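# Tertiary structure, described
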Amino acid sequence: VATRMMFFIFVGRVLVLRVLLGRDRLATVWQDAFLIAGYVQALIFDVCPDLLNVKTMEIWYSICMLQLSLYQAPFATTPEFWPAAGYYSLAIGGVFSLGILHSPLVLFWNVVSLVTTRASTQAHGGDSQALIDVNGWVPLTLMICVFVVMIEARYREQA
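Now for a look at the structure at hand. If you're wondering where the values come from, they're calculated on a predicted model, not measured in any experiment.

### Some remarks on the pattern of salt bridges
In the structure shown here, the tally under the stated rule is 1 salt bridge. Arg156 serves as the salt-bridge partner of Glu152, at 2.9 Å between the closest nitrogen and oxygen. Residue Glu152 and its partner Arg156 are located together in helix H6 (residues 128–158), separated by 4 residues, close to a single helical turn.

Here is the structure:
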């Protein structure tokens, strides 16, 4: 029920701000579309929980990480909103990555995320502070990947 309410509140807010009031937002239309797609996925899992299982986990993880990578890509964000989009993608992508036990897939999508982060930094005038922030994301992403490898190894030991 909470997922459904959040979905309708978010979509309603986006529609009111963008369409009815014509307000510009820091988030772009592309980013709003990626967020709405994420809420639709959560709604689908709420209505049909059988769709998210061991066999389909890697596909859903890849879809979510693709959305996060595109959310912070240069075409989808603005220079003003890019740092926030990058932090959001790093945080949510890290949580998603800790929930899957397939380290090659985690490594792949985290590298893709770092590449889009770097591309956005370059496209939006990578000043020295932005480059310092991005370089700080590399060890965080590496720690997430190492943790996933360790958890996966421990899981295989016990299985």
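### A few points about helix H2 (residues 29–47)
Taking 1.5 Å as the rise per residue, H2 with 19 residues should run 27 Å; its terminal C-alpha atoms sit 27 Å apart, in good agreement. Inspection of H2 places Gln31, Asp32, Phe34, Leu35, Gln41, Leu43 and Phe45 among the buried residues, and these make up the whole buried set.

### As for empty space enclosed by the protein
One pass over the structure, following the stated rule, counts 2 cavities of 30 Å³ or more. In this model, the largest cavity occupies a volume close to 50 Å³. Ser89, Leu90, Gly93, Gly94, Asn110, Ser113, Thr141 and Ile144 together form the lining of the largest cavity. Elements with a contribution of two residues or more to the lining of the largest cavity: helix H4 (82–98), helix H5 (103–123) and H6. It is H4 that contributes the most residues to the lining of the largest cavity, 4 residues altogether. Considering only residue class, the lining of the largest cavity consists of 2 nonpolar, 6 polar and no charged. Estimated volume of the second largest cavity: approximately 30 Å³. Residue lining of the second largest cavity: Gln72, Gly86, Ser89, Leu90, Ser113, Thr117 and Trp137, and that is the complete set. Within the residue set of the lining of the second largest cavity, elements represented by two or more residues are H4 and H5. Broken down by element, the residue count for the lining of the second largest cavity peaks at 3 residues, all from H4.

### Overview of H4
Across its 17 residues, H4 extends 24 Å between first and last C-alpha, which sits within 8% of the 24 Å expected from 1.5 Å per residue. Buried residues of H4: Trp82, Ala85, Gly86, Ser89, Leu90, Gly93, Gly94 and Ser97, and no others. End-on view of H4: buried residues confined to an arc of 160°, all on one side of the axis.

Calculation criteria
Residues numbered from 1 in each chain as written. Predicted model: local features only at pLDDT ≥ 70, side-chain atom pairs only at ≥ 80, totals over all residues. Heavy atoms only, no water. Salt bridge = Lys/Arg side-chain N within 4 Å of Asp/Glu carboxyl O. Helix = DSSP H or I, 4+ residues; strand = E, 2+ residues; numbered from the N terminus. Expected span 1.5 Å × (residues − 1). Buried < 20%, exposed > 50% of the residue type's maximum accessible area, 1.4 Å probe, protein only. 1 Å grid on protein atoms, 1.4 Å probe; cavity = no way out; pocket = protein on both sides within 12 Å on 5 of 7 lines; lining within 4 Å. Points joined across faces, edges and corners; volume = space filled by probe spheres on them. Nonpolar A, V, L, I, M, F, W, Y, C, P; charged D, E, K, R; others polar. Arc of directions from axis to C-beta.

None of this, on its own, says anything about what the molecule does.
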